[in-house]
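Given next are the chains, with one letter for each unit.
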Amino acid sequence: MFRAVYIFLLFCALLPSGISAQGRDAAQLEGKYLVQIDFGRGYAGGICVMKWDGTCVNASMFNEFGVSVLVYSYEPAKGKVRILKGAGPLGRGKTKRVLKRDLSVIMSELDNKDYIYIDPKTGITYKFRPLDYETVE
């Protein structure tokens, strides 16, 4: 019950998308993205909602059924990612370490354009694409 309330509150907090003028990184990262993470044998995909709160960017990724797959925060000043919740295999220790390393690189380079990153060690492919409201009907 508490987990469902937490996810609902986090989703509601991330929905309003007013852009803050706190910095270039935060203004460019905030928004909604179509995301796909390919692991080779499987993938995790859906919509990632990012919101700047003044000190860090909070992000939550939902799959096509509305289930929260990954919740993390990124501090642009430190360049660090903190994984708050990972569903299934994304919540395991080794996977979380790989995700933290890769997402810190991705978030430092991500802007409001299509972005593809392939981890040279593991071969995991990350695809971020801004959600364009003009093409969605």
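Residues numbered from 1 in each chain as written. Predicted model: local features only at pLDDT ≥ 70, side-chain atom pairs only at ≥ 80, totals over all residues. Heavy atoms only, no water.

Let's talk about the pattern of salt bridges
All told, the structure shown has 5 salt bridges when counted by the stated rule. Glu30 is paired through a salt bridge with Lys51; the nearest N and O atoms lie 4.0 Å apart. One end of the pair, Glu30, is in the loop between α2 (24–29) and β1 (31–38); the other, Lys51, is in strand β2 (residues 43–52), and 21 residues separate them in sequence. For the pair formed by Glu30 and Lys51, the shared burial category is buried. Notably, a salt bridge pairs Asp38 with Lys127, separated by 3.9 Å at the nearest N-O pair. Placement of the pair is Asp38 in strand β1 and Lys127 in strand β7 (residues 125–130), with a sequence separation of 89 residues. Of the residues examined, Lys127 reaches a relative accessible area of 35% and is grouped as partly exposed. (Salt bridge = Lys/Arg side-chain N within 4 Å of Asp/Glu carboxyl O. Helix = DSSP H or I, 4+ residues; strand = E, 2+ residues; numbered from the N terminus. Buried < 20%, exposed > 50% of the residue type's maximum accessible area, 1.4 Å probe, protein only.)

Some details on the sheet that holds β2
With respect to topology, 7 strands assemble into an open sheet ordered β5-β4-β3-β2-β1-β7-β6, the strand pairing being antiparallel. Strands with a single pairing partner mark the edges of an open sheet, and in this sheet they are β5 (80–86) and β6 (115–118). Across the sheet, the mean angle separating the axes of adjacent strands is 20 degrees when strand polarity is ignored. Relative to β5, strand β4 (residues 68–75) runs antiparallel, the two being bridged by 6 bridges. (Pairing = 2+ DSSP bridges. Axes fitted to C-alpha atoms, helices over the stretch in contact; angles between N-to-C directions.)

As for the layout of surface pockets
Considering only enclosed or pocket space, the second largest pocket measures out at about 150 Å³ in volume. Taken together, Phe39, Lys94, Thr95, Val98, Leu99, Thr122, Ile124 and Tyr126 form the lining of the second largest pocket. Residue contributions to the lining of the second largest pocket peak at 4 residues, all from helix α3 (residues 93–109). Tallied by class, the residues present in the lining of the second largest pocket amount to 5 nonpolar, 2 polar and 1 charged. (1 Å grid on protein atoms, 1.4 Å probe; cavity = no way out; pocket = protein on both sides within 12 Å on 5 of 7 lines; lining within 4 Å. Points joined across faces, edges and corners; volume = space filled by probe spheres on them. Nonpolar A, V, L, I, M, F, W, Y, C, P; charged D, E, K, R; others polar.)

Thoughts on the environment of Leu99
The topology assignment puts Leu99 in helix α3. Relative accessible area serves as the criterion here: at 1%, Leu99 is assigned to the buried category. When the C-alpha atoms of Leu99 and Val81 are compared, they prove to be 8.8 Å apart, with 18 residues separating the residues in sequence. Excluding residues that lie within four positions of it along the chain, Leu99 makes contacts with Leu70, Ile83, Leu90 and Tyr126. (Contact = heavy atoms within 4.5 Å.)

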